[in-house]
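Descriptive analysis of the structure
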Amino acid sequence: MSNKTLIRLAICHNKYILILFLSFCETLTTSGRIVILGSGWAGFKLMRELNKEDYNVSVVSPRNYFVFTPLLASTSVGTLEFRCITEPVRGYSKDIDFMQARCDRIDIGTKFTLDYDKLVIGVGSYSNTFGIPGVKEYGHFLKDVNDARRIRKRVIECFEYASQSGLTSKQKEDRLHFVVVGGGPTGIEFSAELYDFIASDMSRLYPDLMSKTRMTLYDVAPHILGSFDTNLSDYAHKKFNRKGIQIKTQRHVEKVESDHLVIRDEGNVPYGLLVWSTGLMQNPLVKSLENVVMDTKKQRILTDSKLRVIDETTQQPYPNVYALGDCATIKDNDLPATAQVFNKMVVHGSDMEANCFEFKNRGMMAYIGSSEALVDMSSVHQLAKKSGHLPWLLWRSAYFSMSMSLRNRMLIPYHWFLTWCFGRDISRF
Ligand SMILES: Cc1cc2nc3c(=O)[nH]c(=O)nc-3n(C[C@H](O)[C@H](O)[C@H](O)COP(=O)(O)OP(=O)(O)OC[C@H]3O[C@@H](n4cnc5c(N)ncnc54)[C@H](O)[C@@H]3O)c2cc1C
């Protein structure tokens, strides 16, 4: 089988970017070489699962680590440290080549031939701003450890600023207004972690500022956690209300400025920190693909059941180009953009094409603060819907056991224990 692929890469080298064309046919002499684009859930999991004796694996990604996203919100307030949830890609195995680079174009065209080569596109997606002015400039996303680091710094900055003398009460209140836009699992989990941080640590360190601190969560939908069972989302809603977190649904953010949001029918709302978590949009690399079938919303690459990318002209799958993760979905079997789609990985043994991808929905979990969580496993068992402290233990143990390395399985409980004993670290750097 031959496949004709040209990949253009932007190599990230600290502060500058060098664009180069890489012809894999010059460098790839071994048959069975797989090039994986991305080191997220899709790329990293695939890289681990592949039989290195059958494939010569190369990973290309602008970041040289994997992020265990389910615990990302915990790092944004210091419940866990950043390194508890990252795994380095380089050095993971001596059988894997890693290149820190961003692929900015794939030309499934006619210039180069890569015999027996396979390309896997797992570049994920970007946070969706819906084109609302100012979101990109002033909002904080929560997709990567760098985002979590910036959020953590900003929260502490807001408290330090508000503790200065000479400020009016209104100035303090404005700076200590923490706003989250998006009532999906990420927005809710971040709000819950932030609430814990403020209630258990900041209240001890800045007791005078507690009466001036508030949190608001906005969503355009009528309910938060729309993908969960209604009883569970109502439970979360009530819990948030009781904690003093205001939930404002059916609100449209029209514009974001450096220190306030403009909300339809509400006007200007000052904020100190804005976390934006309203879903996903297409990675520019995916947008740039030509002659590839996309799903109806034109957001994700459509693949056949074996995850092969489909040629738009012939409507047949390309023999050696695959796509998986948030950037792709399967024809007639729409996959959610979640990490759990990788529970049952596609590759068993050496023959990728012999296996069809199967997704088994194992349910959903969300942390809602104060050591409580929601677990909705109604897809597995009708009665498996729970909220409270027991589900929180399940939530913690599930993510602890899913974490990728022994090192992180030791670090995670160690940091949970440190936080429990001494509180979260509020050093700002
Ligand atoms: C805060 C948060 C919490 C979450 N919690 C859960 C949860 O509890 N359960 C769950 O199932 N799911 C959860 N998810 C969703 C889950 O993280 C995603 O579904 C998953 O990360 C998708 O994996 P992916 O590999 O497709 O993309 P990603 O993990 O986003 O990885 C994309 C990779 O591609 C790289 N890349 C990007 N552009 C290029 C390019 N041009 N060239 C080369 N490489 C590129 C990136 O650097 C990255 O390494 C959560 C997500 C977030 C943000």
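Structural data are supplied above this passage.
Residues numbered from 1 in each chain as written. Predicted model: local features only at pLDDT ≥ 70, side-chain atom pairs only at ≥ 80, totals over all residues. Heavy atoms only, no water.

The subject of this paragraph is the packing of helix α5 (residues 145-162) against helix α7 (residues 185-205). Where α5 meets α7, the axes come as close as 13 Å, and the angle between the chain directions of the two elements is 40 degrees. By the angle class used here, α5 and α7 are oblique. Crossing handedness for the pair α5 and α7: right-handed. Of the residues in α7, those in contact with Ile 151, Val 155, Ile 156 and Phe 159 of α5 are Phe 190, Leu 194, Phe 197, Ile 198 and Met 202. The residue makeup of the contact of α5 with α7, split by class, is nine nonpolar, no polar and no charged. (Axes fitted to C-alpha atoms, helices over the stretch in contact; angles between N-to-C directions. Helix = DSSP H or I, 4+ residues; strand = E, 2+ residues; numbered from the N terminus. Parallel < 35°, antiparallel > 145°, perpendicular 65-115°, else oblique. Left-handed = near helix turned anticlockwise from the far one by under 90°. Contact = heavy atoms within 4.5 Å. Nonpolar A, V, L, I, M, F, W, Y, C, P; charged D, E, K, R; others polar.)

Attention shifts here to the packing of aromatic side chains. Summed over the entire model, instances satisfying the criterion amount to 10 aromatic pairs. Each ring, one from Phe 68 and one from Tyr 399, has its centre 6.0 Å from the other, and the planes form 75 degrees; the classification is edge-to-face. Within this pair, whereas Phe 68 is found in the loop between β6 (65-67) and α3 (72-75), its partner Tyr 399 is found in helix α10 (residues 389-402), the two being separated by 331 residues in sequence. The exposure class of Tyr 399 is buried, given its relative accessible area of 12%. Centre to centre, the rings of Phe 159 and Phe 178 are 5.8 Å apart; their planes meet at 20 degrees, and the pair counts as stacked. Remark: Phe 178 occurs in strand β12 (residues 177-181) and Phe 159 occurs in helix α5; sequence separation between them is 19 residues. Since its relative accessible area comes to 0%, Phe 159 is described here as buried. The positively charged end of Arg 149 is found above the aromatic ring belonging to Phe 82, 5.0 Å away from the centroid. A cation over a ring is seen here: Arg 175 above Tyr 161, with NZ or CZ 3.8 Å from the ring centre. (Phe/Tyr/Trp six-rings, centres within 6.5 Å; stacked < 30°, edge-to-face > 60°. Buried < 20%, exposed > 50% of the residue type's maximum accessible area, 1.4 Å probe, protein only. Lys NZ or Arg CZ within 6 Å of the ring centre and 35° of its normal.)

Attention now moves to the site of the ligand. Neighbouring the ligand are 29 residues; Ala 42, Thr 69, Cys 103, Asp 326 and Tyr 399 lie closest to it. Separating an oxygen atom of the ligand from a side-chain N or O atom of Arg 63 is a distance of 3.2 Å. In isolation the ligand exposes 1,000 Å². Once the protein is present, 88% of that is buried. Listed by contribution, the elements that provide at least two residues to the shell around the ligand are α2 (41-49), β5 (56-61) and β8 (96-107). (Near = heavy atom within 4 Å. Polar contact = N/O pair within 3.5 Å; in protein donor to acceptor, adjacent residues only side chain to side chain. Areas by Shrake-Rupley, 256 points an atom, 1.4 Å probe, with all protein chains shown as cover.)

Looking now at the sheet that holds strand β16 (residues 260-263). Pairing between sheet strands relies on hydrogen bonds along the backbone, with the strands arranged either parallel or antiparallel. Strand order in the open sheet formed by three strands is β15-β16-β17, with antiparallel pairing between adjacent strands. Here the strands that pair on one side only, and so sit at the sheet edges, are β15 (253-256) and β17 (267-270). Neighbouring strand axes in the sheet, compared pairwise and without regard to direction, differ in orientation by 30 degrees on average. (Pairing = 2+ DSSP bridges.)

Right, let's get into empty space enclosed by the protein. Tallying each qualifying case throughout the model produces three cavities of 30 Å³ or more. Lining the largest cavity are Phe 82, Arg 149, Arg 152, Lys 153, Ser 427, Arg 428 and Phe 429. By residue class, the composition of the lining of the largest cavity is two nonpolar, one polar and four charged. (1 Å grid on protein atoms, 1.4 Å probe; cavity = no way out; pocket = protein on both sides within 12 Å on 5 of 7 lines; lining within 4 Å. Points joined across faces, edges and corners; volume = space filled by probe spheres on them.)

Note on pairing: side chains with opposite charge can pair once their charged atoms come close. Counted by the stated rule, this structure contains 15 salt bridges. In this structure, Asp 201 and Arg 424 form a salt bridge, with 2.5 Å as the shortest nitrogen-oxygen distance. Taken together, the positions of Asp 201 in helix α7 and Arg 424 in the segment after α11 (406-422) put the pair 223 residues apart, joining distant regions of the chain. Here Asp 201 and Arg 424 have matching classes, each one buried. As a salt-bridge pair, Glu 372 and Lys 239 come within 3.0 Å of each other at their nearest N and O atoms. Residue Glu 372 is found in strand β25 (residues 372-376), and its partner Lys 239 is found in helix α8 (residues 230-243); the two are separated by 133 residues along the sequence. The exposure class assigned to Glu 372 is buried, which follows from its relative accessible area of 6%. Through salt bridges that share partners, Asp 201, Arg 204 and Arg 424 make up one connected network. (Salt bridge = Lys/Arg side-chain N within 4 Å of Asp/Glu carboxyl O.)

Here four strands make up an open sheet; going across it, the order is β14-β13-β12-β18 and the pairing parallel. In the strand order of this sheet, the two ends are held by β14 (245-248) and β18 (273-276), each with one partner. The mean angle between the axes of side-by-side strands here comes to 15 degrees, regardless of whether they run parallel or antiparallel. In this structure, β12 lies alongside strand β13 (residues 214-218), joined through five bridges in parallel fashion. Of the residues in β13, the one forming a bridge with Val 180 is Leu 217. Sitting on the sheet, α7 is in contact with β12, β13, β14 and β18, with an inclination near 175 degrees to β13. α8 rests against β13 and β14 of the sheet, and its axis sits at about 130 degrees to β14.

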